[in-house]
Amino acid sequence: MYLKALAMARNLAHQEGRHINRFTTAVFDLAELGEDLHHEASKSDARYYFRPYKTILVRTVQDGGESFYIQAITRRRC
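About the thresholds
Residues numbered from 1 in each chain as written. Predicted model: local features only at pLDDT ≥ 70, side-chain atom pairs only at ≥ 80, totals over all residues. Heavy atoms only, no water. Helix = DSSP H or I, 4+ residues; strand = E, 2+ residues; numbered from the N terminus. Rg over C-alpha atoms; globule rule 2.2 N^0.38 Å. Buried < 20%, exposed > 50% of the residue type's maximum accessible area, 1.4 Å probe, protein only. Contact = heavy atoms within 4.5 Å. Areas by Shrake-Rupley, 256 points an atom, 1.4 Å probe, with all protein chains shown as cover. Lys, Arg positive; Asp, Glu negative; His and termini not counted. Charge placed at Lys NZ, Arg CZ, Asp CG, Glu CD. Polar contact = N/O pair within 3.5 Å; in protein donor to acceptor, adjacent residues only side chain to side chain. pLDDT = per-residue confidence, 0-100. Pairing = 2+ DSSP bridges. Core = buried A, V, L, I, M, F, W, Y, C linked by side-chain atoms within 4.5 Å.

1. What to know about the overall build of the protein
Of regular secondary structure, the protein possesses two helices and two strands. Taken from the N to the C terminus, the helices and strands of the protein come in the order α-β-α-β. The globule rule puts the C-alpha radius of gyration for 78 residues at 12 Å, and the 15 Å found for the protein is more than 25% above it. For the protein, the C-alpha atoms occupy an extent of roughly 60 × 30 × 20 Å along the three principal directions. Taken across its 78 residues, the protein has 27% of its residues classed as buried. Relative to all contacts within the protein whose residues are 6 or more apart in sequence, the contacts with residues 24 or more apart total 57%. Summed over its atoms, the accessible surface of the protein is roughly 6300 Å², and 53% of this surface lies on carbon and sulfur atoms. Here the protein contributes 12 positive and 9 negative side-chain charges, whose respective centroids are spaced 6 Å apart.

2. What about the side chain of serine 67?
The residue serine 67 is located in strand E2 (residues 66-71) in this model. Serine 67 gets classed as buried once you look at its relative accessible area, which sits at 7%. At a separation of 2.8 Å, a polar atom in the side chain of serine 67 contacts the main-chain carbonyl oxygen of leucine 57. Among all residues touching serine 67, those that are not within four sequence positions of it are Thr25, Leu37, His38, Ile56, Leu57 and Val61.

3. Quick word on the confidence of the model for the protein
The share of residues in the protein with pLDDT of 70 or more is 99%, and the mean pLDDT across the chain is 86. When mean pLDDT is taken per element in the protein, E2 scores highest with 91 and helix H2 (residues 51-59) scores lowest with 86.

4. Section: the pairing of E2
In the sheet, strand E1 (residues 24-29) pairs with E2 via six bridges, with the strands oriented parallel. Its bridge partner being in E2, valine 27 is matched across the sheet by tyrosine 69.

5. Some details on the nonpolar core
Ranked by size, the top nonpolar core spans 10 residues in total: Val27, Leu33, Leu37, Ala41, Tyr48, Tyr53, Ile56, Leu57, Val58 and Tyr69. It is H2 that contributes the most residues to this core, four residues altogether. Not counting residues within four places of it along the chain, the set of residues in contact with isoleucine 56 comprises Tyr2, Thr25, Ala26, Val27, Arg51 and Ser67.

Here's what the structure looks like:
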């Protein structure tokens, strides 16, 4: 839904001669995603199927902008 809404907003802006491409996105999660968060992973990589990685961190900012991943650290009580 997020990508569809963004595509609609970009299409409307394009019709008016404007561009929506310079903004910041962020994902806050527990998963370890590794170092390279700006290129789509291959289908053999589990990150390819993690929707926030693919959608928010990579595809949304392909035309400009920046994305951040904030990984929470969990602590177990014994």
